[in-house]
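What follows is the residue order along each chain.
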Amino acid sequence: MQQNRISINDLLWNTVPDDFAVRIMNSEDGHFPQVIQAELKGKRFRTKAEMLSSIMEGMRKYILSRNTPPSVRQKLWCTCKTWIDRVAGELGVDTDYSFEDCLAKPIEEDTVVALIKALHADSPKSKRDLQDDLGISEKSI
């Protein structure tokens, strides 16, 4: 398993898609590598597709573990999707994997921006309407 971790770490570094991904890998708290390693711990991969699937699951768990605004989660999601595509290419895995199936794309728009747009709409909206449309609590409104 140690060999898998080393090769996966190298694989991630070799396929890093952008500066944001480099910052994720180098973060001071080391959270991203910890989440990936926890996902891979004790697993033996029979195929490269299994390895890709585990990396994808680790990225999913990492994104879900971050307590950040939707706009930041969106950026994380886009970076991880690009990263997974590059990892798949590097591994030569030609499967029907889909990061979208693994983790739904976060809200494309920050909730605050969506609220401001809703308040500027031509038709008035009640608190209940805003709650339902934006998926947030009355307290948030």
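Residues numbered from 1 in each chain as written. Predicted model: local features only at pLDDT ≥ 70, side-chain atom pairs only at ≥ 80, totals over all residues. Heavy atoms only, no water.

Caption draft 1: Summary view of the overall build of the protein. Helix and strand counts for the protein stand at eight helices and zero strands. Start at the N end of the protein and walk to the C end: the helices and strands fall as α-α-α-α-α-α-α-α. Relative to the 2.2 N^0.38 estimate, which gives 14 Å for 141 residues, the radius of gyration of the protein is 18 Å and therefore markedly larger than a compact globule would have. Reported as C-alpha extents along the three principal axes, the dimensions of the protein are approximately 60 × 35 × 25 Å. Sequence separation of 24 or more characterises 64% of the internal contacts of the protein that already satisfy a separation of 6 or more. With the model as given, the accessible surface of the protein reaches about 8,700 Å², and the carbon-plus-sulfur share is 48%. (Helix = DSSP H or I, 4+ residues; strand = E, 2+ residues; numbered from the N terminus. Rg over C-alpha atoms; globule rule 2.2 N^0.38 Å. Contact = heavy atoms within 4.5 Å. Areas by Shrake-Rupley, 256 points an atom, 1.4 Å probe, with all protein chains shown as cover.)

Caption draft 2: Structural detail: the side chain of Glu39. Mapping Glu39 onto the fold places it in helix H3 (residues 31-40). Given the relative accessible area of 11%, Glu39 is considered buried. Engagement of the side chain of Glu39 in a polar contact is seen with the side chain of Lys61, the distance being 2.6 Å. (Buried < 20%, exposed > 50% of the residue type's maximum accessible area, 1.4 Å probe, protein only. Polar contact = N/O pair within 3.5 Å; in protein donor to acceptor, adjacent residues only side chain to side chain.)

Caption draft 3: Layout of the confidence of the model for the protein. This prediction gives the protein a mean pLDDT of 84; 92% of its residues lie at or above 70. Here helix H1 (residues 2-14) stands out as the least confident element of the protein, with mean pLDDT 74; helix H2 (residues 19-25) is the most confident, with 93. (pLDDT = per-residue confidence, 0-100.)

Caption draft 4: Broad picture of the pattern of salt bridges. The tally for this structure, following the rule as stated, stands at seven salt bridges. The partner of Glu50 in a salt bridge is Arg46, and the shortest N-O contact between them spans 3.2 Å. The structure contains a network of salt bridges with shared partners spanning Glu39, Lys43 and Lys61. (Salt bridge = Lys/Arg side-chain N within 4 Å of Asp/Glu carboxyl O.)

Caption draft 5: Quick look at the environment of Ile55. Here Ile55 is to be found in helix H4 (residues 48-65). Look past the residues within four positions of Ile55 in its chain and what remains in contact with it is Ile8, Leu11, Leu12, Ile36, Leu40, Ile84 and Val87.

Caption draft 6: Molecular detail of the environment of Leu91. Tracing the sequence through the fold places Leu91 in helix H5 (residues 70-91). Taking the C-alpha atoms as reference points, Leu91 and Ala49, 42 residues apart in sequence, are found 8.3 Å from one another.

Caption draft 7: Summary view of the packing of H4 against H5. Contact geometry for H4 and H5: axes closest at 10 Å, N-to-C directions at 170 degrees. For the element pair H4 / H5, the angle class is roughly antiparallel. Every residue of H5 that contacts H4 at Lys48, Met51, Leu52, Ile55, Met56, Met59, Tyr62 and Ile63 is listed here: Arg73, Leu76, Trp77, Cys80, Trp83, Ile84, Val87, Ala88 and Leu91. Here the contact of H4 with H5 is composed, by residue class, of 15 nonpolar, no polar and two charged. (Axes fitted to C-alpha atoms, helices over the stretch in contact; angles between N-to-C directions. Parallel < 35°, antiparallel > 145°, perpendicular 65-115°, else oblique. Nonpolar A, V, L, I, M, F, W, Y, C, P; charged D, E, K, R; others polar.)

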